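Letter by letter, the chains look like this.
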Amino acid sequence: MGFGLAIGVFGVVILAHAAYSTIQYRGLLKILEEEFSGPPVNVVVELLLGLGFCMCAALSVPGKFLSIHPDSEENRIVSLPANLDFMIFNHRGKVFPSETGLKLKC
């Protein structure tokens, strides 16, 4: 997790530098009284590198994926949380049939 986090921080720093470079470039164009047509190529390359680093960090930092199957042993609730005020069991899902063989009436 440490290496992925470092990659993510490095990607954010690269994105911040690209933003600063674009602001500086626009200021230079205002001084030269030229029209802004788009960021320079080096800023676009920085944006793509920063995006790539941030995507790698986003995929590696959270850890391994867990099973979402309801019958999986990994999904068993060992104990309920101490604050039960936010556990809602009365929701719109009860209007849908619980058995897969039933059909909705239209």
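Residues numbered from 1 in each chain as written. Predicted model: local features only at pLDDT ≥ 70, side-chain atom pairs only at ≥ 80, totals over all residues. Heavy atoms only, no water.

Engineer: An account of the packing of aromatic side chains is requested, with residue identities and associated values reported.
Structural biologist: All told, the structure shown has two aromatic pairs when counted by the stated rule. The interplanar angle of 65° and the centroid separation of 6.2 Å between the aromatic rings of Y25 and F36 together place this pair among those described as edge-to-face. Of this pair, Y25 sits in helix α1 (residues 2-32) while F36 sits in the loop between α1 and α2 (41-60), placing them 11 residues apart in sequence. Judged by its relative accessible area of 26%, Y25 falls in the partly exposed class. The ring of F36 carries the charged tip of R26 above its face, separated from the ring centre by 4.7 Å. (Phe/Tyr/Trp six-rings, centres within 6.5 Å; stacked < 30°, edge-to-face > 60°. Helix = DSSP H or I, 4+ residues; strand = E, 2+ residues; numbered from the N terminus. Buried < 20%, exposed > 50% of the residue type's maximum accessible area, 1.4 Å probe, protein only. Lys NZ or Arg CZ within 6 Å of the ring centre and 35° of its normal.)

Engineer: Which residues make up unusual backbone geometry, and what values do they have?
Structural biologist: We note that E33 has phi near 55°; this positive angle belongs to a residue other than glycine. You can see E33 is positioned in the loop between α1 and α2. Look at E33 and you get exposed, because its relative accessible area is 73%.

Engineer: How would you explain the side chain of E46 if you had to name every residue and give the values?
Structural biologist: By the secondary structure assignment, E46 is in helix α2. Buried charged residue E46 carries no salt bridge. Nearest counter-charge: R26, at 16 Å. (Lys, Arg positive; Asp, Glu negative; His and termini not counted. Salt bridge = Lys/Arg side-chain N within 4 Å of Asp/Glu carboxyl O.)

Engineer: Can you break down α1 residue by residue, with the values?
Structural biologist: Between the first and last C-alpha of α1 there are 45 Å, a value that for 31 residues agrees with the 45 Å anticipated at 1.5 Å per step. Regarding α1, the residues found buried are G4, I7, G8, G11, I14, A18, S21 and L29. Residues of α1 that are buried in the fold lie against α2. One or two steps after α1, the chain reaches E33, where phi turns positive at roughly 55°. (Expected span 1.5 Å × (residues − 1). Contact = heavy atoms within 4.5 Å.)

Engineer: I'd like a description of the side chain of S21, backed by residues and values.
Structural biologist: Along the chain, the position of S21 falls in helix α1. Apart from residues lying up to four places away in sequence, S21 is in contact with V43 and E46.

Engineer: Go over the UniProt feature "transmembrane region" (unreviewed entry) in the protein chain with me, naming the residues and quoting the values.
Structural biologist: Mapped onto the present numbering, the UniProt feature "transmembrane region" (unreviewed entry) falls at residues 42-61. The straight-line gap between the two end C-alpha atoms of residues 42-61 is 28 Å; of that span, 95% is helix and 0% is strand. (UniProt positions renumbered as here; feature names shortened; annotations may be inferred.)

Engineer: Requested: an account of a nonpolar patch on the surface, with residues and values cited.
Structural biologist: Taken together, V44, L48, L51 and M55 make up a surface patch of nonpolar side chains, about 380 Å² in accessible area. For L51, the location among the structural elements is in helix α2. A residue is classified by how much of its surface remains accessible, and L51, at 48% relative accessible area, is partly exposed. (Patch = residues over 30% accessible without salt bridge, like charges linked within 9 Å, V, L, I, M, F, W, Y side chains within 5 Å. Areas by Shrake-Rupley, 256 points an atom, 1.4 Å probe, with all protein chains shown as cover.)

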